[in-house]
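The residues making up each chain are set out below.
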Amino acid sequence: KVILAIGRAGTPRSLGVPGEDQDKVAYWLKDPEQFEYEHLLVVGGGDSAVEAAMALGEQQGNRVFLSYRKANFTRPKKKNIEKLRKAVKKGEVQLVLESQVKEIGVDRVVLNQYDDEIVLPNDYCFVFAGGILPTDFLRITKQLAKVRPNRR
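Residues numbered from 1 in each chain as written. Predicted model: local features only at pLDDT ≥ 70, side-chain atom pairs only at ≥ 80, totals over all residues. Heavy atoms only, no water.

1. Observations regarding the environment of tyrosine 27
With respect to the secondary-structure elements, tyrosine 27 resides in the loop between strand 2 (25–26) and strand 3 (39–43). Separated by 99 residues in sequence, tyrosine 27 and phenylalanine 126 place their C-alpha atoms 5.6 Å apart. If we ignore the near neighbours within four places in the chain, the residues touching tyrosine 27 are Pro12, Arg13, Ser14, Glu20, Val127 and Phe128. In this structure the side chain of tyrosine 27 is engaged in a polar contact, spanning 2.8 Å, whose partner is the side chain of glutamate 20. (Helix = DSSP H or I, 4+ residues; strand = E, 2+ residues; numbered from the N terminus. Contact = heavy atoms within 4.5 Å. Polar contact = N/O pair within 3.5 Å; in protein donor to acceptor, adjacent residues only side chain to side chain.)

2. Remarks on a negative patch on the surface
Together, Asp31, Glu33, Glu36 and Glu58 line one region of the surface with negative charge. By the secondary structure assignment, glutamate 33 is in the loop between strand 2 and strand 3. (Patch = residues over 30% accessible without salt bridge, like charges linked within 9 Å, V, L, I, M, F, W, Y side chains within 5 Å. Areas by Shrake-Rupley, 256 points an atom, 1.4 Å probe, with all protein chains shown as cover. Salt bridge = Lys/Arg side-chain N within 4 Å of Asp/Glu carboxyl O. Lys, Arg positive; Asp, Glu negative; His and termini not counted. Charge placed at Lys NZ, Arg CZ, Asp CG, Glu CD.)

3. Some details on the side chain of asparagine 62
Among the secondary structure elements, asparagine 62 is positioned in the loop between helix 1 (47–57) and strand 4 (63–68). There is a polar contact of 2.9 Å between the side chain of asparagine 62 and the backbone oxygen of leucine 56.

4. Examining helix 2 (residues 78–89)
Helical periodicity: at 3.6 residues per turn, an α-helix aligns residues three or four positions apart in one direction. Here helix 2 is 12 residues long and its end C-alpha atoms lie 17 Å apart, about the 16 Å a rise of 1.5 Å per residue gives. For helix 2, every residue scored as buried is listed here: Asn80, Ile81, Leu84 and Ala87. All buried residues of helix 2 lie within an arc of 120 degrees about the axis, which places them on one face of the element. Among the exposed residues of helix 2, those oriented more than 90 degrees off its buried face are Lys78, Lys79, Arg85, Lys86 and Lys89. Where the residues of helix 2 are buried, they touch helix 1, strand 4 and strand 5 (93–97). Immediately downstream of helix 2, the backbone of glycine 91 shows phi near 85 degrees, a positive value. (Expected span 1.5 Å × (residues − 1). Buried < 20%, exposed > 50% of the residue type's maximum accessible area, 1.4 Å probe, protein only. Arc of directions from axis to C-beta.)

5. Section: the nonpolar core
Within soluble globular proteins, side chains that are nonpolar tend to cluster in buried spots. Among the nonpolar cores identified, the biggest contains 20 residues, and Val42, Leu66 and Phe126 are the most heavily contacted of them. Every element with two or more residues in this core is listed here: strand 3, helix 1, strand 4 and helix 2. It is helix 1 that provides the largest number of residues to this core, a total of 6 residues. The residues contacting phenylalanine 126, other than those within four sequence positions of it, are Ala26, Trp28, Leu29, Phe35, Leu40, Leu41, Val42, Val43 and Leu56. Residues Val17, Val43, Val101 and Val109 belong to the second largest nonpolar core, which totals 13 residues. (Core = buried A, V, L, I, M, F, W, Y, C linked by side-chain atoms within 4.5 Å.)

As structure tokens, this is what we get:
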């Protein structure tokens, strides 16, 4: 018997846009307290993105934008959606719904929203677009089993 413990998150899914390879782009947020007086973009529509945006928005002087490709949040927990509404109302987070990142520059990001291009000042970008599970090896193993059946 074999037990595979490959985790659930996998490799972070990238956006595939110019500038994503910069040091200012991260796929996790460890310590929101280290960011103050920054222009920050959080990309994603799940709990991780929403929680990161709210945590960054609580830090002094930050301008936090949350970009999500859909018109409404449906994936986060209800309590996170309610907390996000409060953070937006307080001005801690600004929503940019139905948007997609087009380019990440040194000091700005470019988003597409509807037929418009939005340019935002930016110091750091956090991408929470899910993960790619490392399951390719399972397909290969299955194919090998067909070619070379188990001999006992």
